[in-house]
Amino acid sequence: GAGVSQSPRYKVAKRGQDVALRCDPISGHVSLFWYQQALGQGPEFLTYFQNEAQLDKSGLPSDRFFAERPEGSVSTLKIQRTQQEDSAVYLCASSPIQGATEAFFGQGTRLTVV
Amino acid sequence: KQEVTQIPAALSVPEGENLVLNCSFTDSAIYNLQWFRQDPGKGLTSLLLIQSSQREQTSGRLNASLDKSSGRSTLYIAASQPGDSATYLCAVRYNDMRFGAGTRLTVKP
């Protein structure tokens, strides 16, 4: 596709449910990032992939959060046993190579936990 | 720790004014710095990308500067318009990418 695509755009989950958020990066992009953005805040780093390797997951807030990119393209962010504080917009970005290249963002998935 | 700070948090100006948004970062070992615009409920739109070896980049009414050694960048917006109203975010690229909290800009007609 022409840009980074995220699905679903909106997700409402009952507290305790598991959710899976999908990111389709720009074709051929090596680097992929996930961010969490609370209302009125800047994006907070969650995790980073280079191809299929998860090089940094230091931003994942708890062991309920898990991300994967098994074939080095599509990535899934999974949140288990969702809690109200997980409500946020989850943003995905990709860039062509590691380091000095421009990053492109998807429109995000707005997760609301009720 | 790689921290990114943006000042001010919010700014309101009358139409036509020139303005400066500030971004500072604690770890100067960066690959690049990117300025984004975010409209309410929307994703991030890239405005300008400055490589670590560059001092500034310009696009239309926007000019971004980078002083890597002092850990600072500024985004200059000339002749502001109501359509410029948005949140402006700076992102510093290491192997990953770290954001400031943003500056919420309102340009009044």
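Residue indices begin from 1 for each chain and proceed along its sequence in written order. The order in which chains are written sets their letters, starting at A; the order in which ligands are written sets their numbers, starting at 1. In keeping with the predicted nature of the model, local features appear solely for residues at pLDDT of at least 70, side-chain atom pairs appear and are counted solely at 80 or more, and the whole-chain, interface and lining totals rest on all residues. As a rule here, side-chain values cover all heavy atoms of the structure and leave hydrogens and water aside.

### Section: the packing of aromatic side chains
Residue and element names in this part refer to chain A.
Piece 1. Aromatic contacts are taken between Phe, Tyr and Trp rings whose centres are within 6.5 Å, Trp giving its six-membered ring; a plane angle under 30 degrees counts as stacked, one over 60 as edge-to-face, and the others as tilted. Taken as a whole and judged by the stated rule, the model has 8 aromatic pairs over all chains.
Piece 2. Centroid distance Phe33 to Tyr48: 5.0 Å. Interplanar angle 20°. Geometry classified as stacked. Placement of Phe33 in strand β4 (residues 31-37) and of Tyr48 in strand β5 (residues 44-50) is noted, with a sequence separation of 15 residues between them.
Piece 3. Summary of the burial criterion: residues with accessible area below 20% of their type's maximum are buried, those above 50% are exposed, and those between are partly exposed, where the area comes from a 1.4 Å probe applied to protein chains only. Classification of Phe33 by relative accessible area gives buried; the value is 0%. Working definition: helices are DSSP H or I runs of at least four residues, strands are E runs of at least two. Numbering for both runs from the N terminus.

### As for the pattern of salt bridges
Piece 1. For this document, the term salt bridge refers to a Lys or Arg side-chain nitrogen within 4 Å of an Asp or Glu carboxyl oxygen. Throughout the structure, instances matching the rule amount to 7 salt bridges over all chains.
Piece 2. Of the charged contacts in the structure, one is a salt bridge between Asp96 of chain B and Arg98 of chain B, with a shortest N-O distance of 2.7 Å.
Piece 3. Accessibility expressed as a relative area gives 5% for Asp96 of chain B, which makes it buried.
Piece 4. By sharing partners, the salt bridges in this structure join Asp56 of chain A together with Asp96 and Arg98 of chain B into a single network.

### What to know about the environment of Thr106 of chain B
Residue and element names in this part refer to chain B.
Piece 1. Here Thr106 shows up in strand β11 (residues 103-108).
Piece 2. Sequence-wise, Thr106 and Ser12 are 94 residues apart; in three dimensions their C-alpha atoms are separated by 4.7 Å.
Piece 3. Dropping the residues within four chain positions of it, Thr106 is found in contact with Leu11, Ser12, Val13 and Ser85. Throughout, a contact is declared for two residues whenever any of their heavy atoms are within 4.5 Å.

Just distances and angles here, no functional claims.
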